[in-house]
Amino acid sequence: MVRQARSTATERNPDLCPLDRKKGENNFDWGMRAVREMKTGGRKASTYIALLGGTDTVSFRTRVAQSVLRPDMLPSYWSEAILIELESDSLKNAKAAYVPLAQPDSPAFPPMENGVVVCPLDSFADAERYPNIALIALPVPQEQILARLETFRRSRGTIDALEHVVRWLAYTWGVARTTNPLNDNYGVPSACMLEVVCAAENYDLTPGLESRASCPEAIWAATAHWHEYYAKVSAGKGKGKSRTPMGRYTAKHQYSIASAT
């Protein structure tokens with residue numbers, strides 16, 4: 001069973017705002033608008049991550065699995081979490097680092113990189129494949145997080161991401177009656193990667209949840225509801241710098257579920 005502390009905040013993070021998609025706009029172009037609107041100081045001041053909600057069967061299974069973390073038990077909006085590597089202070093030529101369930105074919109050997117794959121960010125541009133998207137800016141310089149990512153790629157000692165990959169593949173593919181990995185504290189691999197690299201820089205990405213049990217839904221909930229905690233952390237550091245994440249999102253894709261009232 002997932003053990004998760006609930007935030008006591010009564011209002012949503014005011015810095016997490018909806019940003020509707022323009023007609024015919026893909027995720028890459030939407031993200032460019034989101035970056036401009038947030039004005040978070042670019043890669044020298046912030047690290048950007050994205051949550052994505054896919055429509056394929058594996059995404060569906062992953063979204064439903066995360067319902068155990070929601071009070072309403074409905075499927076999550078999100079199926080994947082990625083770290084964005086910026087070359088400039090826009091998304092132009094940006095890359096995505098994540099731990100996919102579908103690992104690359106040979107000659108790549110996943111254990112050499114702890115399952116981490118880096119690809120062009122526009123690989124996730126298709127708005128039909130990923131209709132839900134959230135762009136979140138964390139108040140940690142990108143350079144520091146990328147250095148921690150290199151350590152994560154070279155060492156499987158903290159979290160063996162591939163162990164999580166195997167568990168989630170078995171679940172999403174329906175192999176050997178495998179149960180929901182979250183109930184056994186096996187988080188979604190990419191989310192766990194983000195947890196580890198952020199924790200190494202003393203940033204708690206999902207307060208109240210064990211890092212190895214992290215998932216996109218937990219990151220979303222922390223961004224939306226733990227702003228009071230981050231404000232207290234900011235005050236405690238006494239440097240006047242906010243530790244609260246900022247974000248923009250569009251999440252119109254949901255599953256039609258009618259519950260009795």
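Summary of the structure given here. (Residues numbered from 1 in each chain as written. Predicted model: local features only at pLDDT ≥ 70, side-chain atom pairs only at ≥ 80, totals over all residues. Heavy atoms only, no water.)

### Re the overall build of the protein
Helix and strand counts for the protein stand at 7 helices and 7 strands. Counted from the first residue to the last, the protein has its helices and strands arranged as β-α-β-α-β-β-β-β-α-α-α-α-α-β. A compact globule built from 261 residues should have a C-alpha radius of gyration of about 18 Å, and the protein, at 17 Å, falls within 12% of that. For the protein, the C-alpha atoms occupy an extent of roughly 55 × 50 × 40 Å along the three principal directions. Buried positions account for 52% of the 261 residues belonging to the protein. A separation threshold of at least 6 residues defines the contact pool for the protein, and within that pool the share at least 24 residues apart is 75%. Carbon and sulfur atoms make up 51% of the accessible area of the protein, which amounts to about 12700 Å² in all. Side-chain charges of the protein comprise 31 positive and 28 negative groups, with the mean position of each set lying 3 Å from the other. (Helix = DSSP H or I, 4+ residues; strand = E, 2+ residues; numbered from the N terminus. Rg over C-alpha atoms; globule rule 2.2 N^0.38 Å. Buried < 20%, exposed > 50% of the residue type's maximum accessible area, 1.4 Å probe, protein only. Contact = heavy atoms within 4.5 Å. Areas by Shrake-Rupley, 256 points an atom, 1.4 Å probe, with all protein chains shown as cover. Lys, Arg positive; Asp, Glu negative; His and termini not counted. Charge placed at Lys NZ, Arg CZ, Asp CG, Glu CD.)

### Some words on helix α5 (residues 189-199)
Within α5, 10 of the 11 residues are buried, leaving the element largely enclosed by the surrounding structure. Residues of α5 that are buried: Pro189, Ser190, Ala191, Cys192, Met193, Leu194, Glu195, Val196, Val197 and Cys198.

### Focus on helix α2 (residues 57-65)
Buried residues of α2: Ser59, Thr62, Arg63 and Ala65, and no others. Projected onto a plane normal to the axis of α2, the buried residues spread over an arc of 160 degrees and lie on a single side. Along its buried surface, α2 packs onto β2 (47-53), β6 (132-138) and α4 (161-172). Capping of α2 at its N-terminal end is provided by Asp56; its side-chain oxygen lies 3.2 Å from the backbone amide nitrogen of Val58. (Arc of directions from axis to C-beta. Polar contact = N/O pair within 3.5 Å; in protein donor to acceptor, adjacent residues only side chain to side chain.)

### Overview of the pattern of salt bridges
Counting across every chain of the model gives 12 salt bridges. Residue Arg153 pairs with Glu113 through a salt bridge whose shortest N-O separation is 2.7 Å. Of the two residues, Arg153 sits in helix α3 (residues 142-154) while Glu113 sits in the loop between β4 (95-98) and β5 (117-120), which places them 40 residues apart along the sequence. Judged by its relative accessible area of 15%, Arg153 is buried. On the accessibility criterion, Glu113 (22% relative accessible area) is partly exposed. Here Arg167 makes a salt bridge to Asp184, at a shortest N to O gap of 2.8 Å. Of the two residues, Arg167 sits in helix α4 while Asp184 sits in the loop between α4 and α5, which places them 17 residues apart along the sequence. (Salt bridge = Lys/Arg side-chain N within 4 Å of Asp/Glu carboxyl O.)

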